[in-house]
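Chain by chain, the residues:
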Amino acid sequence: MKTLSLVLCLLAAGARAQSPQAPEDAGTSDAGAPTGVLTKPPALLRQVEAAYPPDAAAQQLEGTVVMFIDISETGAVTNVEVTQPAGHGFDEAAVEAVKQFQFEPAEVDNVPAPVRIQYAYQFVFRPAPPPVDTDGGAVEPEGPVNFSGQALERGTRKPLNGAEVVLPELDLSTVADGEGRFSFRGVPVGTHEVLVVLGGYDRFRTTEKISEGQETRATYYVRKRIFSQYETVVRSDRERKEVTQTSIQVAEVQRIPGTQGDTLKVVQNLPGVARPAFNGGQLIIRGSSPQESGVFLDGQRIPLLYHFGGLTSVYNSELLAAVDYLPGNFSAYYGDLTGGVINVRSREPRTDRFHATVGVSLIESNAVIEGPITDTLSFVVGGRRSYIDVVLGLVPEGDNGPSLQVAPRYYDAQAKLVWKPLPRHTFSLQGLTSRDRLGLVFDRPADNDPTVNGNLDVTTGFNQLRLRHQYRGDALTLDTQALVGNTLLEFAIGERGLRIASTDVNLRSTAEYAFSDAFTWAGGIDVVSNFAHVTARIQSPPREGEPPTPTVTDELLVTDSDFLQYFPSLWTEVRWRPIKDLLVVPGLRSESYVFTDQESPSRTLNPRLAVRYALTEKVSLKGGAGVYHGPPIQDEPSVSFGNPDLQAKRSLQYGLGAEWQPRPEWFISGEVFYNDLDDLIVRSNATVERDGEQVPERLRNGGVGRIYGLEVLVRRSLTDRLFGWISYTLSRSERRDTPDSAWRLFDNDQTHVLTAIASYKLPAGWEVGARLRFASGNPTTPVIGSVRDDGTDVFIPLYAAVNSSRLPSFNQLDIRVDKNFVFEKWTLDVYLDLTNAYNNPAVEGIAYNYNYSESAFFEGLPILPILGAKGSF
């Protein structure tokens, strides 16, 4: 009888909220900053065998003790906590042995750091001691290898490195190598029991027949106790340069209710993000307009984050490493924004073998295939297509009613090549495409009501090609990325419409140099250029705070011209640690904005400062202040629709907060913030002189604003079974369009936003999750009457003060149930995602009759069940 203790089992690569960036290339973010990535796991150097409990041995009992082990930066075991006891004396024996273990330290960002790991100590009963020779030594089997094989994880076929393969009756054992392979010599002829054990996995038992003169080969597929295709690690010491950053790992969010498995939609559940209308794809961060926040992929802008209606994102979640969310006070690496930042980080293709994933739901299908081409070259290709149009196309047209023609809804595709010719160099080529189209056409005979004739056609899309080179030296890191692409926006209703076709050429290059452990410099260039041709025949769209009016009374604007935007920027920052527990990050960003027909370019300087201080090992204080500018957007700087001489909007942002980590898997954060806004762009009825003529000014810099509030996040990291978070935002966003006007609410102000999410893994491959959301209703401008316009025979509404009322509050429960089937070589996940489970449609607006004498709430979607399945191998 003897013990069998196994190598440690590291579970997961996902992190808590406020974790730093963690791209697939460990050690640096897109900004070149330390990322808090586990670059080297701990390795067991000295293992002490536990004494087999006598009572358990007498009863021939076996057991597995699962525990958390805290390992210091020197590799010593500082604490052992049993999480799954086995009883019968196994727990005490395992803890006593593990306390004497010695590890090679883990490294975070290539620096030794304390970590917490999960470890399973297996006790296997062996019926008799091995025979001994005359010298008292064990008799080693001799002869050729006659029993060999490979141990793989069931479903994923991942090699089980460190799994122990045991022949209990013969008291023979061996440990599988990095490819899961094992072998035995001189196994006696006959049928023998085989046992495969590894922490975190079910014990695998079988029998094998060994024949004379033959080698028996076997492949064992061992089931994980709680199956997940992803893995998690709980980390300790991590360096952060951003004041407020939440990093979402794919493992944590693939199954959050109401998201249909779309990782990017989870951003809408984080602190500071308001609920968008119709649960759509707009990102409303800290009360600002969606256009004031930026969406990046690996540090470069992408035009869109979601397809029409926010049903799904334009980048396949299967290709993501993580998503970084920065609501404000972000570093000098990002610019041209006064709102928040979403940075989507793509992952590298897997290189162990070919993999494929296929997903099907009631609204779309997608597929991903990836794998190695050579030892240094790998690829991944993904694509998605909706088929709402196909389903609706099967509905027969009526003989008397209007016919409805529906165009294809959306599709997207991604392809990425990664080449690593040398250990320190990585080249990647990535291509993206996305297209959305919504077309509605109503036709009636001429003798029917002509008011229903017309059409609506909306098309959006983009294509991008990105070439990236990364160099990682001991002290120097370089990251350069070039982008070429085009973007299309078309909108037509009747004889009026808008078409913008643009070519995008961007360049970003970043350098970082670590002079010492206490001082690092980073900086770079960031150039964004856009060449567009604009054709339009439309009314001027309403601006922020302007309620809708009948379009027949609006001025018709017409243009057919070229338009240029050119935004070159330089930035620099240092990360200085004057003492061990204090990090100071001052930065400076210089931005310029050049537009067509502009009299002189606009230039800005943006100084920023972030400070973090570790008050204790578990409590940290954080704070930051900075200047942020955002150029005029969309039609604002054009001659036809706005004013090319507009200056940049400015935001002075301040934040102060604290973080508490009572346990490695728990994280609590709170922050108060204040944004002081000025030079906001407002409507103008004045005229200005341009080219010797008096022309309408249309827009000018004259508004001010203020946004302030409190954000709280309580989060439990993904462990074996449970993860989730609670986020709460209390905020107020106000603005004043002229010096003599009163303060009013922004259109997107929501006083209270509360989200609670939890997901739990049950036995037999079941998983259940729920999401509960509450949000204050959006501001609205009430109608107090109307007057009839004799020229157009249309009633014109009369409004009360802008945004002086609110819609009813929003609350909704979403539920998701998954059943995971694990086969030997592939897995199948079948899910039901139930949005708005208790059927409480949100109030999205107020609808009026023709003369505004009657009104009713306009409601969103009712209960929405989405059934889907995803297979992977």
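The coordinates are above.
Notes on the structure in this doc start here. (Residues numbered from 1 in each chain as written. Predicted model: local features only at pLDDT ≥ 70, side-chain atom pairs only at ≥ 80, totals over all residues. Heavy atoms only, no water.)

Some details on the sheet that holds strand S12 (residues 181-185)
Strand-to-strand pairing in sheets goes through backbone hydrogen bonds, with the strands running parallel or antiparallel. In spatial order, the strands read S12-S9-S15; together these three strands make up an open sheet with mixed pairing. Looking at which strands have only one partner, the edges of the open sheet turn out to be S12 and strand S15 (216-222). Neighbour-to-neighbour, the strand axes of the sheet open up by a mean angle of 20°, direction not taken into account. Sheet topology places strand S9 (residues 145-153) next to S12; five bridges connect them, and they run antiparallel. Looking across to S12, one finds that Val145 is bridged to Arg185. (Pairing = 2+ DSSP bridges. Helix = DSSP H or I, 4+ residues; strand = E, 2+ residues; numbered from the N terminus. Axes fitted to C-alpha atoms, helices over the stretch in contact; angles between N-to-C directions.)

Structural notes on the sheet that holds strand S13 (residues 190-197)
The strand order across the open sheet formed by four strands is S11-S10-S13-S14, and the pairing between neighbours is antiparallel. Looking along the sheet, the strands with just one partner apiece sit at the ends: strand S11 (172-175) and strand S14 (204-210). When strand polarity is set aside, the average angle formed by the axes of neighbouring strands in this sheet is 25°.

Comments concerning the pattern of salt bridges
Throughout the structure, instances matching the rule amount to 51 salt bridges. Note that Asp324 and Arg345 form a salt bridge whose closest N and O atoms lie 2.6 Å from each other. Here Asp324, found in strand S22 (residues 320-326), pairs with Arg345, found in strand S23 (residues 341-346); they are 21 residues apart in sequence, far enough to count as distant. On the basis of relative accessibility, which here comes to 0%, the residue Asp324 falls in the buried class. On the accessibility criterion, Arg345 (0% relative accessible area) is buried. (Salt bridge = Lys/Arg side-chain N within 4 Å of Asp/Glu carboxyl O. Buried < 20%, exposed > 50% of the residue type's maximum accessible area, 1.4 Å probe, protein only.)

Some words on a negative patch on the surface
On the surface, Asp597, Glu599, Asp691 and Glu693 cluster together to form a negatively charged patch. Counting through the fold element by element, Glu599 comes out in the loop between strand S35 (582-595) and strand S36 (602-614). Given a relative accessible area of 62%, Glu599 falls into the exposed group. (Patch = residues over 30% accessible without salt bridge, like charges linked within 9 Å, V, L, I, M, F, W, Y side chains within 5 Å. Areas by Shrake-Rupley, 256 points an atom, 1.4 Å probe, with all protein chains shown as cover. Lys, Arg positive; Asp, Glu negative; His and termini not counted. Charge placed at Lys NZ, Arg CZ, Asp CG, Glu CD.)

As for the environment of Gly657
Note that Gly657 resides in strand S38 (residues 649-660). Spatially, the C-alpha atom of Gly657 lies 9.4 Å from that of Leu710, the residues being 53 residues apart in sequence.

Thoughts on the nonpolar core
Ranked by size, the top nonpolar core spans 29 residues in total, and within it Leu264, Leu305, Tyr315, Ile342, Val344 and Trp725 carry the most contacts. Every element with two or more residues in this core is listed here: strand S20 (294-297), S22, S23 and strand S43 (722-736). Per-element tally for this core: the top contributor is S22, with three residues. Excluding anything up to four places from it in sequence, Leu305 contacts Leu264, Leu283, Val295, Ser313, Val314 and Val344. The next biggest cluster of nonpolar side chains, apart from the first, holds 26 residues, and it includes Tyr52, Ile71, Tyr121 and Phe123. (Core = buried A, V, L, I, M, F, W, Y, C linked by side-chain atoms within 4.5 Å. Contact = heavy atoms within 4.5 Å.)

Some points on a nonpolar patch on the surface
A grouping of Leu362, Phe821, Phe823, Trp826, Val830, Leu832, Leu867 and Phe873 is seen on the molecular surface, where their side chains present a nonpolar patch of about 690 Å² in accessible area. Among the structural elements, Phe821 can be located in strand S51 (residues 810-822). Overall, Phe821 belongs to the partly exposed group, its relative accessible area being 33%.

Thoughts on the side chain of Glu364
Here Glu364 shows up in strand S25 (residues 364-372). If near-sequence neighbours (up to four positions away) are discounted, Glu364 is found in contact with Thr312, Gly359, Arg384, Arg385, Ser386, Tyr387 and Tyr410.

Some words on the pairing of strand S10 (residues 164-167)
Neither face of S10 is left uncovered, since the one carrying Glu164 and Val166 and the one carrying Val165 and Leu167 both have all their residues buried. Sheet topology places S10 next to S11; four bridges connect them, and they run antiparallel. Looking at the pairing, Glu164 lines up with Val175 of S11. In this antiparallel pair of consecutive strands, S10 and S11, the connection spans four residues, and Asp171 shows a positive phi of 55°. In terms of strand pairing, S10 meets S13 through three bridges, oriented antiparallel. By the bridge assignment for S13, Glu164 is matched with Val197.

As for the pairing of strand S34 (residues 556-579)
Alignment of strand S33 (residues 519-539) against S34, held across 21 bridges, turns out to be antiparallel. Following the sheet pairing, Val534 is matched in S34 by Ser561. Relative to S35, S34 runs antiparallel, the two sharing nine bridges. The residue bridging Trp571 from the neighbouring strand is Arg589, located in S35. Counting the residues in the hairpin turn of S34 and S35 gives two residues.

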